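Descriptive analysis of the structure
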Amino acid sequence: MKRLAILIAVLSLFSTAAAWAAAAPNWWIGSQDEYQRLVNAAKKEGNLVWWSHPDPACKPLVVGPFEKQYGIQVEHTEYTTAQIVQRVMLEGAAGVYTVDVSNLSVHHVPRLEQRQLIKKLPFKERVAMYRDVPALVSPNSTAVVGYTAPRGLAYNSQQVSKQDLPRSYQDLLNPKWQGKIGIDTDVKEWIILAQEWGVEKTTQFLDKLGDIDPKFHTNNTVVTQMTAAGEVILAPGIIRRIAVTKFKGDGAPVHWAPLKPMVPVDLLLQGAMAHAPHPNAAELFMYWIHGSPEWLRGLHKCGGYGNSMIPGNPQQEALKDVKTLYFDCQWGAKAAKDGTAAKFRS
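Before going into details, it helps to say that this report is about the structure given with it. None of the values given here were measured: they were computed from a predicted structure. (Residues numbered from 1 in each chain as written. Predicted model: local features only at pLDDT ≥ 70, side-chain atom pairs only at ≥ 80, totals over all residues. Heavy atoms only, no water.)

1. Observations concerning the overall build of the protein
Our working definition: Helix numbering and strand numbering both begin at the N terminus, where a helix is a DSSP run of H or I of at least 4 residues and a strand a DSSP run of E of at least 2. A simple rule labels every residue: compare its accessible area, found with a 1.4 Å probe on the protein chains alone, to the largest value its type can have, and call it buried under 20%, exposed over 50%, or partly exposed in between. Whether two residues are in contact is decided by their heavy atoms, any of which lying within 4.5 Å being enough. In these tables, accessible area is a Shrake-Rupley quantity obtained with a 1.4 Å probe, and a residue counts as shielded only by the protein chains included in the view.
A tally of regular secondary structure across the protein gives 16 helices and ten strands. Considering the protein as a whole, with its 346 residues, one finds that 51% of them fall into the buried category. Within the protein, counting contacts between residues at least 6 apart in sequence, those at least 24 apart form 75% of the total. Here the protein has roughly 16100 Å² of accessible surface; of this, 53% comes from carbon and sulfur atoms.

2. What to know about helix 2 (residues 32-45)
Put simply, the rule reads: Working rule for helices: expected span equals 1.5 Å times residues minus one.
With 14 residues, helix 2 should cover 20 Å at 1.5 Å per step; its first-to-last C-alpha distance of 20 Å lies within 8% of that length. Note on helix 2: the residue one or two positions beyond its end, Gly 46, has a positive phi of about 80 degrees.

3. Some thoughts on the side chain of Arg 151
Mapped onto the elements, Arg 151 comes out in strand 4 (residues 144-156). When its relative accessible area of 4% is taken as the criterion, Arg 151 is described as buried. Those residues in contact with Arg 151 that lie beyond four places of it in its chain are Asp 184, Asp 186, Lys 188, Glu 189, Asn 220, Gly 237, Ile 238, Ile 239, Trp 256, Val 263, Pro 264 and Asp 266.

4. A closer look at the nonpolar core
To keep things clear, this is the line we draw: By nonpolar core we mean a set of buried residues, namely Ala, Val, Leu, Ile, Met, Phe, Trp, Tyr and Cys, connected to one another through side-chain atoms within 4.5 Å.
In terms of nonpolar packing, the biggest core is built from 111 residues, with Trp 190, Leu 209 and Phe 285 touching the most fellow members. In terms of residues, this core owes the most to one element, helix 12 (residues 279-291), which gives eight residues. Among all residues touching Phe 285, those that are not within four sequence positions of it are Leu 48, Trp 50, Val 63, Phe 66, Val 101 and Trp 295.

5. Things to note about unusual backbone geometry
Put simply, Lys 260 and Pro 261 share a cis peptide bond, and its omega is 15 degrees. In this model, Asp 213 sits at a positive phi of 60 degrees, which is unusual for a non-glycine residue. Structurally, the position occupied by Asp 213 is in the loop between helix 9 (199-210) and strand 6 (215-217). For Asp 213, a relative accessible area of 46% corresponds to the partly exposed category.

6. Some remarks on helix 8 (residues 188-197)
Counting buried positions along helix 8 gives eight out of ten residues, so the element sits mostly inside the fold. All buried positions along helix 8 are accounted for by Lys 188, Glu 189, Trp 190, Ile 191, Ile 192, Leu 193, Ala 194 and Trp 197. With its phi angle positive at about 90 degrees, Gly 198 sits one or two positions after the end of helix 8.

7. As for the pairing of strand 4
So the rule is basically this: A strand pair is defined by DSSP finding two or more bridges across the two strands.
Burial analysis of strand 4 places 13 of its 13 residues in the buried class, which makes it a mostly covered element. In this sheet, strand 9 (residues 263-272) lies alongside strand 4 in antiparallel orientation, the contact comprising six bridges. Each residue of the ladder has a partner; that of Ala 149, found in strand 9, is Asp 266. Note that strand 4 and strand 7 (residues 234-239) share four bridges and pair antiparallel. Each residue of the ladder has a partner; that of Tyr 155, found in strand 7, is Leu 234. Both strand 4 and strand 8 (residues 254-257) contribute to a ladder of four bridges, which runs antiparallel. Its bridge partner being in strand 8, Leu 153 is matched across the sheet by Ala 257.

Take a look at the structure:
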């Protein structure tokens, strides 16, 4: 009887250990032991500092599920990507490190890699989605595409009929649109298109577009607002979610359409910092972003953010019938180094 009791106790312990080992989610493709070690270490750290762009009010939707699942408190501060990379580099120069995970633009990733301020992680060996959609991972495996921002034509649906609607970039040069076009001066759309067109062709196109007297503003949302108000009636380069979610969704007379020959798509990446104060929490968070569906579900709820690389994502569905051109990290870094944006603005 005593032997039987011991056997039952041993089996019970084995079953408990097996159940604990099986607790890794189905998106995890690394070893069970490794997952548990990472989770335990991350929980011990207890905190994660995240600098990113989405409105702080979105935090419960976007990272609330991560906090709940792992018991890790996420401290979120909203910065633009330019502010983020500047602060990260200043901290690197000073040797003082306060952030774990940052939201980055395409051209920022190579800069942080050169300064060894961003951490390389085995994304494709740990998470099924990164393995199945490798384009989500930056070329040197230091960042992942958190969400994408397709750019196309916003137009005033009360003043532009579907019959008159421009279908291509070339159509924008029609003299009938003289003084009726609004443009965002961040010129991100044109930098992405220059990957395919080349800088010279893109510059020539912008010179012709300038001849029809467009109106300029530094902010994508404000240009969309100008379109809704009728100050302009066409606005190329508008981020889809701004037109569709912020304006059309609120009843404004603004629609969005892709322009041929392709839709330029900006990439907003997330990267774990090389000197993160909570390195295990940062690594776990980076895997969770596209391991769990909660990340994109929360982004969609908080403002229509999406990722057109992810199968089944609403943004991919919206672009399934058009050619897309994704912003390339190396091209973005070269364009920034060469001052391409300034050339396009001149």
